[in-house]
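Examination of the molecular architecture
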Amino acid sequence: MEVLSIIVPVFNEEQMLPRMISALLAVIRDIDLETEIILVNDGSDDDSLLVMKELANLHTCIKIIDLSRNFGKEYAVSAGLQFARGAAAVVMDSDLQHPPDVIPRFLEKWREGYDIAYGVHMDRREESRMKKAFSGLFYRLFNRLTETPIPRNVGDFLLLDRRVVDSLNALPERNRFMKGLFAWVGFRRAEVEYEQAERALGESKWNLWKLWNFALDGLTGFTTLPLRLWSYVGLVVSLLAMLYASFLIVRTLISGVDVPGFATLIVVILMLGGIQLISLGVLGEYLGRLYLEVKQRPLFLVRSTHGFERDASEGSVVSEPPSRQTEPRRSS
Ligand code: UDP
Ligand code: MG
């Protein structure tokens, strides 16, 4: 039977997990595919791992990847994708904001021949005004600057065909801005609308600073316009400066030397200094990321895995992640 992998990144969700799993299991029961639930523990410092292990003891379809520390959601998802062996993989949050009963609708689209079925949420009640405004601005900017726009109101709740999973796994970059990558890979895609629930327990792991850095990762990963922009800014500023210089020369010729002018000078110097610092900062953003890519560090490190051994003993193909990217040490 074909396998469906369900990948769930988990960071400090001990309260949410049992509920989430029972809701998920209730949906899976009616799916005519063999299902594996891959819980990726992203270095939780609460008892999430313990809860996962208890759940895995009760339900054999649950597998665990325990990362060596908190790598961030994008990397947890990358880890899940590398271990998934399904003909299709669903990625969803562990806080029930992604309702499991949407999965059968994803599968419908998949069976119709779509490679990616992605959830579009109708509603973002939980989030603050500021966060909404910020993300609205980010996506407008991202879509304007890049060639692979991210559709609006798309979260990380989606189904990927094996082909897409393999393509994503083969991407060499360390900057894993998943939403951007999901858009970048292309393939045939279908939208599935769903109602996003509020987070029932625990709290969102995002704050403004994290979001800001996330946005920078997203933009720098998919457009080099900020780098190239400065040539044009420089050009415009130089043109203006030349015009101003001609004006000054003409004025000096007509009405003699003019000593006052401190205000103009200081304004021009400060403005140019500011522009130079900003452009240096932009260079730094890219250079820093370039440095990270060049180092070729693995995306994540796995401390242990649970539940994957069974696949091996059954003789089915276990997707052993390429050793270049991970160093899994399978615990027994
Ligand atoms: N998450 C993770 N690593 C992190 C932060 C979050 O694996 O460093 C997981 C988290 O457990 C949840 C999902 O990513 O399953 C979404 O997180 P959250 O609900 O905090 O984000 P929001 O819904 O507010 O965007
Ligand atoms: Mg959430």
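Shown above is the structure to which this text applies.
None of these values were measured; they are calculated from a predicted model.

Glancing now at the coordination of the magnesium ion (ligand 2). Surrounding the magnesium ion (ligand 2) are the protein donor atoms Asp95 (OD) and Gln97 (OE1), which sit 1.8 to 1.9 Å from the metal. For the pair Asp95 and Gln97, one class covers both residues: buried.

To continue, consider the site of ligand 1. Surrounding ligand 1, one finds 17 residues, the nearest of these being Asp42, Ser94, Asp95, Ser204 and Lys205. Between ligand 1 and the protein, one listed contact pairs an oxygen atom with a side-chain N or O atom of Glu13 at 2.8 Å. Contacts to ligand 1 include Lys73, whose backbone N or O atom sits 3.5 Å from a nitrogen atom. Compared with its free state, where it exposes 530 Å², ligand 1 has 92% of that area covered by protein.

Topologically, Ser48 is positioned in helix α2 (residues 48-58). With a relative accessible area of 0%, Ser48 lands in the buried category. Of note is the side chain of Ser48, whose polar atom sits 2.7 Å from the side chain of Asp46. Each residue touching Ser48, except ones within four places of it in the same chain, is listed here: Val10, Asn12, Glu13, Glu14, Leu17 and Asn41.

Here the focus is a nonpolar patch on the surface. Together, Ile249, Val250, Leu253 and Ile254 give the surface a local cluster of nonpolar side chains, amounting to about 460 Å² of exposed area. What makes Ile254 exposed here is its relative accessible area of 70%.

Now for the packing of helix α3 (residues 73-83) against helix α6 (residues 162-170). Here α3 crosses α6 at 120°, and the two axes come no closer than 9 Å. Considered as vectors, α3 and α6 are oriented oblique to each other. Judged by the sense of rotation from one axis to the other, the crossing of α3 with α6 is left-handed. For the pair α3 and α6, the contacting residues are Ser78, Leu81 and Gln82 in the first and Val165, Leu168 and Asn169 in the second.

In this section: the side chain of His121. Here His121 shows up in strand β5 (residues 116-121). For His121, a relative accessible area of 3% puts it in the buried group. The contacts of His121, once residues within four sequence positions are left out, are Asn153, Val154, Gly155, Tyr194 and Gln196.

All right, on to the packing of aromatic side chains then. Inspection of every chain in the model, using the stated rule, returns eleven aromatic pairs. An angle of 80° between the planes, with centres 6.0 Å apart, marks the rings of Phe138 and Phe177 as edge-to-face. Linking Phe138 in helix α5 (residues 129-145) with Phe177 in the loop between α6 and α7 (178-184), this pair joins segments that are 39 residues apart in sequence. Overall, Phe138 belongs to the buried group, its relative accessible area being 8%. By relative accessible area, which is 1% here, Phe177 ends up buried. For the cation-ring pair, Arg188 lies above Tyr114, with the distance from its terminal atom to the ring centre recorded as 4.6 Å.

Cut-offs used in this document
- Residue indices follow the written sequence of each chain, beginning from 1 at its first position.
- The naming scheme follows written order: chains are lettered A onward, ligands numbered 1 onward.
- pLDDT decides what is reported in this predicted model: residues at 70 or higher carry local features, side-chain atom pairs at 80 or more are listed and counted, and totals for whole chains, interfaces and linings draw on all residues regardless.
- Processing note: side-chain calculations cover all non-hydrogen atoms of the structure and skip hydrogens and water entirely.
- Only nitrogen, oxygen and sulfur atoms within 2.8 Å of the metal, or 3.2 Å for Na, K and Ca, are treated as donors, and water is left out, so sites may look incomplete.
- Burial classification: accessible surface area is computed with a 1.4 Å probe over protein chains only, and a residue below 20% of its type maximum counts as buried, one above 50% as exposed, and the rest as partly exposed.
- Only a single heavy atom is needed: when it lies within 4 Å of a molecule or strand, its residue is near that molecule or strand.
- For this analysis, a polar contact is any N or O atom pair within 3.5 Å, provided that within protein one partner can donate a hydrogen and the other can accept it, and provided that sequence-adjacent residues contribute only side-chain to side-chain pairs.
- Each accessible area value is a Shrake-Rupley result obtained with a 1.4 Å probe; residue values ignore everything except the protein chains displayed when judging cover.
- Helix numbering and strand numbering both begin at the N terminus, where a helix is a DSSP run of H or I of at least 4 residues and a strand a DSSP run of E of at least 2.
- A contact between two residues is defined here by any heavy atoms of the two lying within 4.5 Å.
- Like charges are joined within 9 Å and nonpolar side chains (Val, Leu, Ile, Met, Phe, Trp, Tyr) within 5 Å, but only among residues with over 30% relative accessible area and no salt bridge; these make up the patches.
- A carboxyl oxygen of Asp or Glu within 4 Å of a side-chain nitrogen of Lys or Arg is what we treat as a salt bridge.
- Lines are fitted to the C-alpha atoms to define the axes, a helix being fitted only along its stretch in contact, and any angle between axes, read from their N-to-C directions, falls within 0 to 180 degrees.
- Relative orientations are named as follows: roughly parallel for angles under 35 degrees, roughly antiparallel for angles over 145 degrees, roughly perpendicular for angles from 65 to 115 degrees, and oblique for any other angle.
- The hand of a helix crossing depends on one turn: near helix anticlockwise from the far one by less than a right angle means left-handed, and clockwise means right-handed.
- Any Phe, Tyr or Trp ring, taking Trp's six-membered ring, that has another such ring centre within 6.5 Å forms a pair; planes under 30 degrees apart are called stacked, those over 60 apart edge-to-face, and the others tilted.
- For a Lys NZ or an Arg CZ to count as sitting over a ring, it must be within 6 Å of the ring centre and within 35 degrees of the ring normal.

Geometry only, nothing functional implied.
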